[in-house]
Amino acid sequence: MFHENQLVFLEDSFSSKNEVIHHLTHRENSAVRDADQYERDVLEREASFATYTIDGVAMPHAKSEGVSTPFVAFARLKTPVRWGTEEGEDARMVFLIGVPKVGSTADNNLHLKILAALSKKLIHDEFRAQLSTANSTKDIYALLQEIEGAF
């Protein structure tokens, strides 16, 4: 589900979560067959309920016909971006989750399993701190491998 090439440190500054979502949905990703469709689905989901979670973490996601296989991408932002609806809900770390819209009933709940597994790990201050201070994508990948088995 996690691929090392989908873990990025974004050096650009973004003025909005929509800019971050556009950037992440349009990165090179073999799991995405239609980036524009996937972006629309993520933005639609985001418009219905902001995906800011806890202490600087956002988890935008969508089931989309633009996604061919499930994936989770991770980005650590150079400058936090306002994500939630409340003051101070600024994201520094973003987990972008993509799941195909079509498939079996089990597949229909996959995004919920991914969200639950990530949330279980992200409630721990130490884990969030490790993600915040990791110096390389290799270090972040090793941390995220701890979650992989829970999907």
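In case you missed it, the structure is sitting above this.
Because the structure is a prediction, the values reported are computed rather than measured.

Conventions used here
Residues numbered from 1 in each chain as written. Predicted model: local features only at pLDDT ≥ 70, side-chain atom pairs only at ≥ 80, totals over all residues. Heavy atoms only, no water. Helix = DSSP H or I, 4+ residues; strand = E, 2+ residues; numbered from the N terminus. Axes fitted to C-alpha atoms, helices over the stretch in contact; angles between N-to-C directions. Parallel < 35°, antiparallel > 145°, perpendicular 65-115°, else oblique. Left-handed = near helix turned anticlockwise from the far one by under 90°. Contact = heavy atoms within 4.5 Å. Nonpolar A, V, L, I, M, F, W, Y, C, P; charged D, E, K, R; others polar. Phe/Tyr/Trp six-rings, centres within 6.5 Å; stacked < 30°, edge-to-face > 60°. Buried < 20%, exposed > 50% of the residue type's maximum accessible area, 1.4 Å probe, protein only.

## Considering unusual backbone geometry
At Asp55, a residue that is not glycine, the phi angle is positive and equals roughly 40°. With respect to the helices and strands, Asp55 occurs in the loop between β2 (52-54) and β3 (57-58).

## Re the packing of helix α5 (residues 125-133) against helix α6 (residues 137-148)
Two elements in contact, α5 and α6, have axes separated by 9 Å at closest approach and are oriented at 150°. The orientation of α5 relative to α6 falls into the category roughly antiparallel. Of the two elements, α5 crosses α6, and the hand of that crossing is left-handed. When α5 is examined against α6, the residues Phe127, Gln130 and Leu131 are found in contact with a partner set consisting of Ile140, Leu143, Leu144, Glu146 and Ile147. When the residues that make up the contact of α5 with α6 are grouped by side-chain class, the tally is six nonpolar, one polar and one charged.

## A look at the packing of aromatic side chains
A complete count under the given rule lists two aromatic pairs for this structure. Aromatic pair Tyr38 and Phe71: ring centres 5.8 Å apart, planes at 70°, arrangement edge-to-face. Of the two residues, Tyr38 sits in helix α2 (residues 35-48) while Phe71 sits in strand β5 (residues 71-82), which places them 33 residues apart along the sequence. A residue is classified by how much of its surface remains accessible, and Tyr38, at 0% relative accessible area, is buried. The class of Phe71 is buried, set by a relative accessible area of 2%. Measuring from centroid to centroid gives 4.9 Å for Phe74 and Phe95, while their planes differ by 55°, and the two rings are tilted. Note that Phe74 is positioned in strand β5 and Phe95 in strand β6 (residues 90-100), a separation of 21 residues in sequence. Each member of the pair, Phe74 together with Phe95, is buried.

Function-wise, these values are silent; they only describe arrangement.
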